Amino acid sequence: MTDSDNSEMFDWVESHINDDPLKLRLKYSGKFPWLDTALMQIECRRKARKKLSETLECKDFLFPTRLSEEQCTSDMLARFHASLIDKGSEVADLTCGLGIDALHISRRASSVTAVERDPIVAETLRHNAKALGIDNITVINDDCTDFLNSTDCHYDTMFIDPARRGTNGERVYRLADCSPDVTEMLNAIASKSDRLIVKASPMLDITQTLRELPLTTDLYVVGTTTECKELVADIKFGVKPAEAKIHVKTPDYEFSFTPSEEAEAKARYEKPAVGGYLYEPGATLMKAAPYRLLSQQFDVAKLHSNTHLYYSPEIIDDFPAEAWQIERIADFSSGELKRLSREYPQINVAVRNFDYTADWLRKKLKVKDGGSLRLIATTLCDGSKAMLILSPAKHS
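What you see is a predicted model; the values in this text were computed from it and never measured. For every chain, the first residue of its written sequence is number 1, and the numbers climb from 1 along that sequence. In keeping with the predicted nature of the model, local features appear solely for residues at pLDDT of at least 70, side-chain atom pairs appear and are counted solely at 80 or more, and the whole-chain, interface and lining totals rest on all residues. Computation of side-chain values: all heavy atoms of the structure, hydrogens and water removed.

### With respect to the packing of helix α14 (residues 334–343) against helix α15 (residues 358–365)
Here the axes come from fitting lines to C-alpha atoms, over the contacting stretch only for helices, and the angles between their N-to-C directions go from 0 to 180 degrees. A helix here means a DSSP run of H or I that spans at least four residues, while a strand means a run of E at least two residues long, and both kinds are numbered starting from the N terminus. Contact geometry of α14 with α15 gives a least axis separation of 9 Å together with a crossing angle of 75°. With respect to α15, the element α14 is oriented roughly perpendicular. Residues Leu337, Leu340 and Ser341 of α14 form the contact with α15, whose own contacting residues are Leu361, Lys364 and Leu365. Amino acids are sorted into nonpolar (Ala, Val, Leu, Ile, Met, Phe, Trp, Tyr, Cys and Pro), charged (Asp, Glu, Lys and Arg) and polar (every other residue, Gly among them). Among the residues making up the contact of α14 with α15, the classes are represented as four nonpolar, one polar and one charged. Reported orientations rely on four angle classes, namely roughly parallel under 35 degrees, roughly antiparallel over 145, roughly perpendicular from 65 to 115, and oblique for the rest. We call two residues contacting when some pair of their heavy atoms lies within 4.5 Å.

Below, the structure written as structure tokens:
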């Protein structure tokens, strides 16, 4: 398309962003040569509205394919990746895709070389960089392994985001099974760069990832309270760390530790009491698994060695977990199940280290999810089963 065609299309997309794409296709069929592209922009912009809220402030931002929208990094995560880059450094993004990471990194780096093997996606990144007023990105249409073999440049930092699914679309659980296999590329990357940042799947096992990337200095576990989004390994070539430091990063809290600190930590165990407080760490913190260290560092009791819930008689405001006040503790018995069923027709049911599923327990109680109260069925430190009735904690 010419620049005038582009301008007309983007104006049309903006004016029809809230309209039904199927109705638009019927109404405007045959009227514009760019109609298919425009309808794809409307669909992608709607889906990415939250994920790319900052990037999509640019009216002329273009999606080359629907898959690009599905697989791209969010603005929030790209800002975090960019924060790891030293200001003024020269960076190569080896698997740039739609380029959200490269675009954010370019605002800190002196230059970014963005490598993308799909020619259409590569050309779209050139367009988007220009639309965003970014002039320090050089886009290279090449496979990253071929680029590494052919380039004579040396970079301060390389960034890579291997594809997280196998050739048949199945999820993978090791870096070596991702594409490209970054573990096989380490020597080539080390010869052309001082540092490597690897964005990896949250499904990967942390211990296995550190085995595959033994030079990792810092491993970031990034996400929200409800979802772990990714692992990010930071490797500084020429630096042999005694062990990697693990950093949990969420919008609400940060927590850092080393594997040896967790291995050496001593947890204490205690049965909870009515009026005290139960703490439920979120998915991102649980992925990092500092189970004993949380107990030791914050002086809170674990309910059981395999129950990753914590208890204290007084509220601890800075504990990195959701806090609940314990309203009632019931034994797991048929009599208590009947009483709870009568008294709490609506309550949010969950289980932790328990013999039955939440669905089974919900049906047994004949209750509906909803309201502010929570019921967690779990195993206590003496091996007994209990059902804890909880209300949201009021922080001081």
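### Notes on a positive patch on the surface
Positive charge collects at one region of the surface, where Lys338, Arg342, Lys364 and Lys366 lie side by side. Note that Lys366 resides in the loop between α15 and β16 (374–379). Patch definition: residues with relative accessible area over 30% and no salt bridge; like charges joined within 9 Å; nonpolar side chains (Val, Leu, Ile, Met, Phe, Trp, Tyr) joined within 5 Å. Only the protein chains shown count as cover for residues, and all accessible areas are computed by the Shrake-Rupley method using a 1.4 Å probe. By definition, a salt bridge exists where a carboxyl oxygen of Asp or Glu is found within 4 Å of a side-chain nitrogen of Lys or Arg. Positive residues here are Lys and Arg, negative ones are Asp and Glu, while His and the chain termini are left out of the count. Charge positions are represented by NZ for Lys, CZ for Arg, CG for Asp and CD for Glu.

### Overview of the environment of Phe255
Mapped onto the elements, Phe255 comes out in strand β9 (residues 254–257). Burial classes: relative accessible area under 20% of the type maximum marks a residue as buried, over 50% as exposed, and values in between as partly exposed (1.4 Å probe, protein chains only). Under the relative-accessibility criterion, Phe255 is labelled buried at 4%. The spacing of Phe255 and Pro290 is 35 residues in sequence and 9.4 Å in space, taken between C-alpha atoms.

### With respect to the nonpolar core
Nonpolar cores were defined as sets of buried Ala, Val, Leu, Ile, Met, Phe, Trp, Tyr and Cys residues, with membership established by side-chain atoms within 4.5 Å. Ranked by internal contacts, the top residues of the largest apolar core, which has 50 residues, are Leu94, Ile189, Leu196, Tyr279 and Phe319. In this structure Leu94 touches Val115, Cys144, Phe147, Leu148, Met158, Phe159, Ile160 and Ile189, once residues within four positions along its chain are discounted. By size, the runner-up hydrophobic cluster in this structure holds 36 residues, among which are Met40, Ala102, Ile134 and Phe159.

### Side note on the sheet that holds strand β3 (residues 137–141)
Paired strands are those between which DSSP finds at least two bridges. Strand order in the open sheet made by the nine strands is β3-β2-β1-β4-β5-β7-β6-β8-β9, with mixed pairing throughout. Two strands lie at the open edges of the sheet, namely β3 and β9, each paired on one side alone. Across the sheet, the mean angle separating the axes of adjacent strands is 15° when strand polarity is ignored. With five bridges connecting them, strand β6 (residues 216–223) and strand β8 (residues 245–249) associate as parallel partners. Counted as the bridge partner of Tyr220 is His247 from β8. Relative to β3, helix α7 (residues 119–131) is tilted by about 170°, and along the sheet it contacts β2 (111–116) and β3.

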